[in-house]
Structures are given as C-alpha cells and as structure tokens.
Amino acid sequence: MTFLRVVLFSVAVLLVFTGFANVLPQIQSDPPKEEIIDTGSLDMAGMISLGESLFKGKGTCTLCHNGMGRAPDLLEMNLAETFPERLKDPRYKGVAAGKEGPKAIEEYIHESMVDPSAYVVAGFGKKGTNDTESPMPTINKPPVELNEIEINAVIAFLQDRAGIEPTVPLPSAEDVVVPDESSSEGPDVATTAEDAIDKFGCAACHDLFGSEADTGPPLAGIGKRMSRGDLMDAILYPNDTIAEGYEADIMPQDFAEQMSASELTLIVDYLLNLPE
C-alpha cells in the first residue's frame, strides 16, 4: 500500500512539473540575422534605411525616444528646427559648439550617442543630477554595441528626417561587417544569465552589471520583494503590474515570444540572487 502511494505521489509531481513547463514560453524566434553590409552596392539611401532599422531595432532607441517622456521623441519632433536649436543652446559645450550646418549636426548626433552625458537636454537627465548626467547608455558599448558603420547609419537616418542631406561617409571595402560564423549554426539561445540579460537589453533600462540605468525599477534585492512567479509575470506581462513611479509600455511586451523557457529561467534565477 505504501509503495502504491509513493508511485501515485511521484506521478502527481511529474504531472505538476509538466504542466508548469508548458506554461513557460516555449516559442523560440529565429535569431536576429547579422547585418552584412555590402560595401560595393550600399548607397546613401541604403544607409538611411539601415539606420531606421537600427533605430527601431538593435539600437533600442525607441524604448526611450517615444511619447512617454523618457527622452525626446525624435520620430515626432521637428528635427529641422530642433538640431540647430540644440547647437545654439548656451548649455551645449560639445564638439560642435559654435558650429552650424549639416556637418555640425552630424558631429552633435555622433557625440550624443558615444558620450550622452556631454550634453543633456533640459528635463531629460538622471534624477538628482540637475540634467548633468544622461540615463542613455553609451551606444557603442554593452549592452547595445553599435559599430561605427551602424552609428553612421543612424546619423544618416536622423539627418534625413531633418530634411538634411546626410554627411556621413559610406563604408569602404575595409569596413565590411562579416557575421561570426561560429554562431551561424543552431538557434541563438543564451546559455548563461549574463548572455541572456545582454541579449534582451535588460541593462539598458535596469541597473545591471554597473550600467546605472534607471529607466526601469532597481532590481537589487528583488528576490526579497518578489517571488519567482511574480518575476516571471513581470518579464512576460510587464504592463499587468507597474512599479510605483514608473510608466506602462516602456518594457517590451513580446518577451513571451522572444525568450526560450531556459533563457527566462536563467534571468529569473540571476535576479532572485541579486544582493540588496
């Protein structure tokens, strides 16, 4: 009789874990294709198109540059007026200070991406810094890591939106970007918590790995405030519960489709063990 109870209990436990596993997201999207830039045929129209896709995709620019007030809404504002106004702002002391014209705007945009705290637009600085420090990550470093060609493409896109003839150089044959062949086989599934957090850009909004980002809530000691299930829900359904002082629609809504179950588990396990 005891043996039968043990068998029934084991079967019940197995069924519970099977059901739980099926609740986790199992869909694995195709890994993002590495952008191969054909320098032999890429013209300025191609650079502008590439810049737009980077702005809305890999660059994660629209996470903050939207209508939510985290950063200037570059896709809606009149950039033809805005860029010259920025260069004339008495607070601006950057590389394009005292200059004007398309080339000066190129230098200003480039600086804003690689050294975002060089000049912070009034009202968009980190809390408590009096607009002297930007919450924006340095775009050519982790977690975003755009290369120089990609940065120039984004500049071309923004100059074009401002009605300006792009001034960035087209890439030469030596600048060609070749994908890493070692990552071409199989789905691009992260195998460590650090890789998963980098893959999904968590440190761009949360203070992880010393990023000091504050677009999203601080996560230090989160394991004492939230359960494993709550953390999973917060990642998969971020708009269901919004932390006090933060806004909805900032965090991507499609992680349930983008993450594998193993990646979600890696991230949650890492967060649960973060010290206060």
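Residues numbered from 1 in each chain as written. Predicted model: local features only at pLDDT ≥ 70, side-chain atom pairs only at ≥ 80, totals over all residues. Heavy atoms only, no water.

1. Topic: the nonpolar core
Let me state the cut-off plainly: We define a nonpolar core as any set of buried Ala, Val, Leu, Ile, Met, Phe, Trp, Tyr and Cys residues linked to one another through side-chain atoms lying within 4.5 Å. For every residue, the accessible area (1.4 Å probe, protein chains only) is compared with the maximum for its type, and the residue is labelled buried under 20%, exposed over 50%, or partly exposed between those bounds. Whether two residues touch is decided by their heavy atoms; if any such pair falls within 4.5 Å, the residues are in contact.
If you look at the biggest cluster of nonpolar residues, it comprises 34 residues, and the most contacted ones within it are F83, Y108, I109, M113, L146 and L158. Contact partners of I109, with chain neighbours within four places excluded, come to F83, I155, L158 and Q159. Residues C202, L219, M232 and L264 belong to the second largest nonpolar core, which totals 20 residues.

2. Describing a negative patch on the surface
Operational definition: Only residues whose relative accessible area exceeds 30% and that form no salt bridge are eligible for patches; like-charged ones are grouped when within 9 Å, while nonpolar side chains (Val, Leu, Ile, Met, Phe, Trp, Tyr) are grouped when within 5 Å. Surface accessibility in these figures is a Shrake-Rupley result with a 1.4 Å probe; residues are shielded only by whichever protein chains are displayed. One speaks of a salt bridge when a side-chain nitrogen belonging to Lys or Arg is within 4 Å of a carboxyl oxygen belonging to Asp or Glu. The charge count includes Lys and Arg as positive and Asp and Glu as negative, but it does not include His or the ends of the chains. Positions of charges follow a simple convention, taking NZ of Lys, CZ of Arg, CG of Asp or CD of Glu. The numbering of helices and of strands both runs from the N terminus, where a helix is a DSSP run of H or I of at least 4 residues and a strand a run of E of at least 2.
A cluster of acidic residues, E145, E194, D195 and D198, forms a negative patch on the protein surface. In this structure, D198 sits in helix 6 (residues 193-199). A relative accessible area of 35% means that D198 is categorised as partly exposed.

3. Considerations on helix 5 (residues 148-161)
Threshold: Helix span, expected: 1.5 Å multiplied by one less than the number of residues in the helix. Any pair of nitrogen or oxygen atoms within 3.5 Å is treated as a polar contact; in protein, a donor-acceptor pairing is required on top of that, and neighbouring residues in sequence qualify only through side-chain atoms on both sides.
Taking 1.5 Å per residue as the helical rise, helix 5 with its 14 residues ought to reach 20 Å, and the 20 Å between its terminal C-alpha atoms agrees with that figure. Burial of helix 5 is extensive: eleven of the 14 residues sit out of reach of the surface. Among the residues of helix 5, those classed as buried are I149, E150, I151, N152, A153, V154, I155, A156, F157, L158 and Q159. Contact partners of the buried residues in helix 5: helix 2 (44-56), helix 3 (79-88) and helix 4 (102-114). Between the side-chain oxygen at the start of helix 5 and the backbone nitrogen of I149 there is a gap of 3.0 Å, and the oxygen is on N147.

4. A short note on the confidence of the model for the chain
As a reminder of what qualifies: One number per residue, pLDDT, summarises how confident the predictor is, and it ranges from 0 to 100.
Looking at the chain as a whole, the pLDDT averages 81, with 79% of positions reaching at least 70. For the chain, the element scoring lowest by mean pLDDT is helix 1 (residues 2-23), at 55; helix 4 scores highest, at 97. A low-confidence stretch, residues 26-35 stays under pLDDT 50, and its non-local contacts, those more than four residues away or across chains, total 15 contacts. Within the model, pLDDT remains below 50 along residues 178-187, and this stretch shows four contacts once partners closer than five positions in the same chain are excluded.

5. Brief notes about the environment of L208
Mapped onto the fold, L208 is located in the loop between helix 6 and helix 7 (228-236). Remark: the alpha-carbon pair of L208 and P218, spanning ten residues in sequence, is separated by 8.7 Å. Not counting residues within four places of it along the chain, the set of residues in contact with L208 comprises I197, C202, A203, L219, Y270, L271 and L274.

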